[in-house]
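Analysis of the macromolecular model
Each chain is listed here by its residues.
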Amino acid sequence: MIHIEGLWAGYGGLDILRGVDLRVERGSVNCIVGPNGAGKSTVLKTISGLLRPRRGSIVIDGADLGGTPPATVLHAGVVQVPQKNALFAKLTVRDNVLMGGYIHRRRSKDLERRYGQLAEQFPLLGERPDAPAGSLSGGQRRTVEFARALMLEPKVVLLDEPTLGLDPLSLGIVRDSVLALHAGGVTVLMVEQNVRFGLALADRATVMSAGRVVLTGTAAEIRDKPDLMDVFFGAARPGERAVPERTP
Ligand SMILES: Nc1ncnc2c1ncn2[C@@H]1O[C@H](COP(=O)(O)OP(=O)(O)OP(=O)(O)O)[C@@H](O)[C@H]1O
Ligand SMILES: [Mg+2]
């Protein structure tokens, strides 16, 4: 689904990504992990068109998207869920979610239908449509951000640190949201600092360091490399909790 080869990208005169290769299978959940500054967010920014690659190719679902502007990437079915605080606090859950669909200027009937579909995946949408986004917990807000991104029925969702700044209780909500994406057939590529959380959710994982991929495999394989986990990530940080394995 996502096929990246020999990707170089950077800022100003500085190369950050130095020959990144990445393959993501259709319908899978993939997690990129690695130390601060490894270039994880830069990979997502380059895919979503915010940053132009200097070399290499990005092919998504057969379309060569390397160097195309963000609007074109979005049109090709690839959305990035923005970092936290991306909602309008005074608008309702419903209005925040519907906003995600306006870009295609669909008829309001279509938007309503799509909202109804999403409410089946994300119960909060049906339970509290009129709640102001500002009144929600961190995890619930993240759910609304996910749903908004899904209004366009994307094929690929990019998530940059979906658990950043969330309390332990909210981790479960984010996990359920990622699983809902997966159940809907969406291909997920996420970056996660909470390595235990990310690896518990993902099918496959990629370890990056200093702008390169240093290891790739199933999430279970990466999890089972205690040496590597210690070198890169140390012991679990206080408040960091893995969540249970995906339920069947
Ligand atoms: N807009 C920018 N301009 C210049 N340098 C940048 C910019 N964004 C990131 N960098 C640099 O690029 C390198 C990689 O950054 P990136 O954000 O991709 O890392 P990361 O792996 O996502 O790290 P983190 O875990 O801290 O989020 C870092 O050294 C960072 O300082
Ligand atoms: Mg980052």
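See above for the structure.
The sections below set out a description of the structure shown in this document.

Quick notes on the rules
- Residues numbered from 1 in each chain as written.
- Chains lettered and ligands numbered in written order.
- Predicted model: local features only at pLDDT ≥ 70, side-chain atom pairs only at ≥ 80, totals over all residues.
- Heavy atoms only, no water.
- Core = buried A, V, L, I, M, F, W, Y, C linked by side-chain atoms within 4.5 Å.
- Buried < 20%, exposed > 50% of the residue type's maximum accessible area, 1.4 Å probe, protein only.
- Helix = DSSP H or I, 4+ residues; strand = E, 2+ residues; numbered from the N terminus.
- Contact = heavy atoms within 4.5 Å.
- 1 Å grid on protein atoms, 1.4 Å probe; cavity = no way out; pocket = protein on both sides within 12 Å on 5 of 7 lines; lining within 4 Å.
- Points joined across faces, edges and corners; volume = space filled by probe spheres on them.
- Nonpolar A, V, L, I, M, F, W, Y, C, P; charged D, E, K, R; others polar.
- Expected span 1.5 Å × (residues − 1).
- Pairing = 2+ DSSP bridges.
- Axes fitted to C-alpha atoms, helices over the stretch in contact; angles between N-to-C directions.
- Near = heavy atom within 4 Å.
- Polar contact = N/O pair within 3.5 Å; in protein donor to acceptor, adjacent residues only side chain to side chain.
- Areas by Shrake-Rupley, 256 points an atom, 1.4 Å probe, with all protein chains shown as cover.
- Phe/Tyr/Trp six-rings, centres within 6.5 Å; stacked < 30°, edge-to-face > 60°.
- Lys NZ or Arg CZ within 6 Å of the ring centre and 35° of its normal.

Looking at the nonpolar core
Val97, Phe122, Leu125, Leu159 and Leu181 are the most contacted members of the largest nonpolar core, which totals 47 residues. With six residues, helix α7 (residues 168-183) is the single largest residue contributor to this core. Every residue in contact with leucine 181, bar those within four places of it in the chain, is listed here: Gln121, Phe122, Phe146, Leu150, Val157, Leu159, Val186 and Val188. Within the second largest apolar cluster, 25 residues are counted, among which are Ala9, Leu22, Val156 and Leu189.

Quick word on the layout of surface pockets
Reported here for the largest pocket is a volume of approximately 310 Å³. Only α2 (70-75), β6 (78-81) and α6 (138-150) provide two or more residues apiece to the lining of the largest pocket. The biggest single contributor to the lining of the largest pocket is β6, with four residues. Grouping the constituent residues of the lining of the largest pocket by class yields twelve nonpolar, three polar and two charged.

A word on helix α1 (residues 40-47)
The element α1 is extensively covered by neighbouring structure, given that six of its eight residues are classed as buried. Among the residues of α1, Lys40, Thr42, Val43, Leu44, Thr46 and Ile47 are the ones counted as buried. Just beyond α1, the residue with positive phi is glycine 49, at close to 90°.

Some thoughts on α6
Taking 1.5 Å of rise per residue, 13 residues should cover 18 Å, and α6 covers 19 Å from first to last C-alpha, within 8% of that figure. Of all 13 residues that make up α6, eleven are buried, and the element is covered over most of its length. Taken residue by residue, α6 has Gly138, Gly139, Arg142, Thr143, Val144, Glu145, Phe146, Ala147, Arg148, Ala149 and Leu150 as its buried positions.

Observations regarding the sheet that holds strand β10 (residues 212-218)
With respect to topology, six strands assemble into an open sheet ordered β6-β7-β8-β3-β9-β10, the strand pairing being mixed. The strands lining the two open edges of the sheet, one partner per strand, are β6 and β10. Taking the axes of each pair of neighbouring strands and ignoring which way they run, one obtains an average angle of 20° across the sheet. With respect to the sheet, α1 is in contact with β3 (29-33), β6, β7 (156-160), β8 (187-191) and β9 (204-209), its orientation differing from that of β7 by roughly 145°. Its contacts with the sheet put α6 on β6 and β7, and the angle it makes with β6 is roughly 165°.

Quick notes on the environment of proline 53
The topology assignment puts proline 53 in the loop between α1 and β4 (55-60). Taking the relative accessible area as the measure of exposure, proline 53 reaches 17% and is therefore buried. Once the C-alpha coordinates of proline 53 and leucine 7 are considered, the two residues, 46 residues apart in sequence, prove to be 6.7 Å apart. Leave out the neighbours within four places in its chain, and proline 53 touches Leu7, Trp8, Ala9, Thr46, Gly66 and Gly67.

Here we look at the site of ligand 1
Ligand 1 sits among 13 residues. The nearest are Gly37, Lys40, Ser41, Thr42 and Gln193. Take alanine 38: an N or O atom from its main chain is 3.1 Å from an oxygen atom of ligand 1. One nitrogen or oxygen atom from the side chain of glutamine 193 is found 2.5 Å from an oxygen atom belonging to ligand 1. For ligand 1, whose accessible area on its own is 630 Å², the fraction buried by protein is 59%. The leading source of residues in the shell around ligand 1 is α1, at four residues.

Looking at the packing of aromatic side chains
For the structure shown, the criterion picks out zero aromatic pairs. Above the plane of the ring of tryptophan 8 lies arginine 55, whose end atom (NZ or CZ) is 4.3 Å from the centre.

Some words on the sheet that holds strand β2 (residues 14-24)
Taking strand neighbours across the sheet as the criterion, the four strands line up as β2-β1-β4-β5 in an open arrangement whose pairing is antiparallel. Both outer strands of the open sheet, β2 and β5 (63-64), are each paired with one neighbouring strand and no more. Two strands pair when backbone bridges link them, and β4 and β5 are joined in this way by two bridges, in the antiparallel orientation. Note on β5: the bridge partner recorded for valine 59 is aspartate 64.

Details of unusual backbone geometry
Most peptide bonds are trans, and most residues other than glycine sit at a negative phi. The phi dihedral of aspartate 61 falls on the positive side, at around 50°, and the residue is not glycine. Considering the arrangement of structural elements, one finds aspartate 61 in the loop between β4 and β5. Relative accessible area serves as the criterion here: at 30%, aspartate 61 is assigned to the partly exposed category. With phi around 50°, glutamate 161 is a residue other than glycine that occupies positive phi space. Its place among the elements puts glutamate 161 in the loop between β7 and α7.

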